[in-house]
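Topology and contacts: notes
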Amino acid sequence: AQETAPPPEAPTQRLPKHITPEAQRGIDRGLAYLARTQDRQGAWSNRGAYGEYPAAMTALAGIALLMDGNTTTQGRYAPQVDRAANFLIRCASQTGLIARGDEDSRPMYAHGFSMLFLSHLVGMMEDPIRAGQIQEILARAVQLTGRAQSDAGGWIYTPDGNSDEGSVTITQ
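Each residue is numbered by its place in its chain's sequence as written, counting from 1. In keeping with the predicted nature of the model, local features appear solely for residues at pLDDT of at least 70, side-chain atom pairs appear and are counted solely at 80 or more, and the whole-chain, interface and lining totals rest on all residues. Excluded from the side-chain calculation are hydrogens and water; included are all heavy atoms of the structure.

Regarding the packing of aromatic side chains
What counts, and what does not: Ring geometry is summarised as follows: Phe, Tyr and Trp rings, the Trp one being its six-membered ring, pair when their centres sit within 6.5 Å, and such pairs are stacked at plane angles under 30 degrees, edge-to-face over 60 and tilted between the two. Criterion for a charge above a ring: Arg CZ or Lys NZ at most 6 Å from the ring centre, at most 35 degrees from the ring normal.
The final tally for this structure, using the stated rule, is one aromatic pair. Lying across the ring of Tyr-157, Arg-106 places its NZ or CZ 4.2 Å from the centre.

Listed below in structure tokens is the structure:
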């Protein structure tokens, strides 16, 4: 019997430094979970006992999808990024605050995380009209952040609190 050569191996994916194949599988499973659990409105919500925080959770999930190389039009999770962007755009108010009503007690978390997501996204936008819309939202959001800074230099849970707390300050 004649031996046949084994089939050629599939090209190996080049991984970033310090990312093992096992870590990459975990990242891929996490991103797939995010894709499966996004709701029809484009949001994700906290499923714990502390409230839902849909704008904050959507911004954080959206950042994870962006870091995988997705945009609103390109990448394996482009539809999810697009829906997340649309949801956060709908969360933006004329005052500059980016949050949902059910985040009233602590809207500055959603505001800060949403600014981070949208500011990353705007540089990837292919549609100049939509990019302009996001730039306007971000301009109002940054102005609100400036007005909301406490006398001590930090931020608190609401834009009119004139106090500060470390985790909220980090998000701003």
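Side note on the packing of helix 3 (residues 78-91) against helix 4 (residues 107-122)
Which entries qualify depends on this criterion: Only the stretch in contact is used when fitting a helix axis, every axis being a line fitted to C-alpha atoms; angles between N-to-C directions are given from 0 to 180 degrees. By definition, any uninterrupted DSSP run of H or I lasting at least four residues is a helix, any uninterrupted run of E lasting at least two residues is a strand, and each is numbered from the N terminus. Roughly parallel refers to an angle under 35 degrees, roughly antiparallel to one over 145, roughly perpendicular to one between 65 and 115, and oblique to any angle outside these ranges. Throughout, a crossing is termed right-handed when the near helix is turned clockwise from the far one, and left-handed when it is turned anticlockwise from it by less than a right angle. Contact between two residues is taken to exist if any of their heavy atoms lie within 4.5 Å; hydrogens are not considered. By the convention adopted, Pro, Cys, Tyr, Trp, Phe, Met, Ile, Leu, Val and Ala count as nonpolar, Lys, Arg, Asp and Glu as charged, and the other residues, Gly among them, as polar.
Interaxial distance between helix 3 and helix 4 falls to 11 Å at its minimum, and their mutual angle equals 125 degrees. By the angle class used here, helix 3 and helix 4 are oblique. As for how helix 3 packs across helix 4, the hand of that crossing is left-handed. Where helix 3 approaches helix 4, its residues Val-81, Ala-84, Ala-85 and Leu-88 are matched on the opposing element by Ser-114, Phe-117 and Leu-121. Along the lines of polarity and charge, the residues of the contact of helix 3 with helix 4 split into six nonpolar, one polar and no charged.

Considerations on helix 3
Selection rule: A helix is expected to reach a length of 1.5 Å times the quantity of its residues less one. Accessibility here uses a 1.4 Å probe with only protein chains present; expressed as a share of the type maximum, an area under 20% marks a residue as buried, one over 50% as exposed, and anything in between as partly exposed.
For helix 3, which comprises 14 residues, the first-to-last C-alpha distance of 20 Å matches the rise-based estimate of 20 Å (1.5 Å per residue) to within 8%. Those residues of helix 3 not exposed but buried are Ala-78, Gln-80, Val-81, Ala-84, Ala-85, Phe-87, Leu-88, Ile-89 and Cys-91. In this fold, the buried residues of helix 3 make contact with helix 1 (21-37), helix 2 (54-67), helix 4 and helix 5 (128-148).

Overview of the nonpolar core
Quick reminder of the rule: We define a nonpolar core as any set of buried Ala, Val, Leu, Ile, Met, Phe, Trp, Tyr and Cys residues linked to one another through side-chain atoms lying within 4.5 Å.
Grouped together as the largest cluster of nonpolar side chains are 43 residues, with contacts concentrated most on Ile-98, Met-108, Phe-117, Leu-118, Leu-121 and Ile-134. Counting residues per element, the ones that place at least two in this core are helix 1, helix 2, helix 3, helix 4 and helix 5. Among the elements that take part in this core, helix 4 stands out by supplying eight residues, more than any other.

Points about the packing of helix 2 against helix 3
Axis angle and axis distance: for two packed helices, these are the angle between their axes and the distance between the axes, and together they describe the pair. Look at helix 2 against helix 3: their axes get within 10 Å of each other, and the N-to-C directions meet at 145 degrees. For the pair helix 2 and helix 3, the sense of crossing is left-handed. Residue-level inspection shows Pro-54, Ala-55, Thr-58, Ala-59, Leu-65 and Leu-66 of helix 2 in contact with helix 3, the latter providing Gln-80, Val-81, Ala-84, Phe-87, Leu-88 and Cys-91. For the contact of helix 2 with helix 3, a count of residues per class yields ten nonpolar, two polar and no charged.

Any functional reading would require information beyond the geometric quantities listed.
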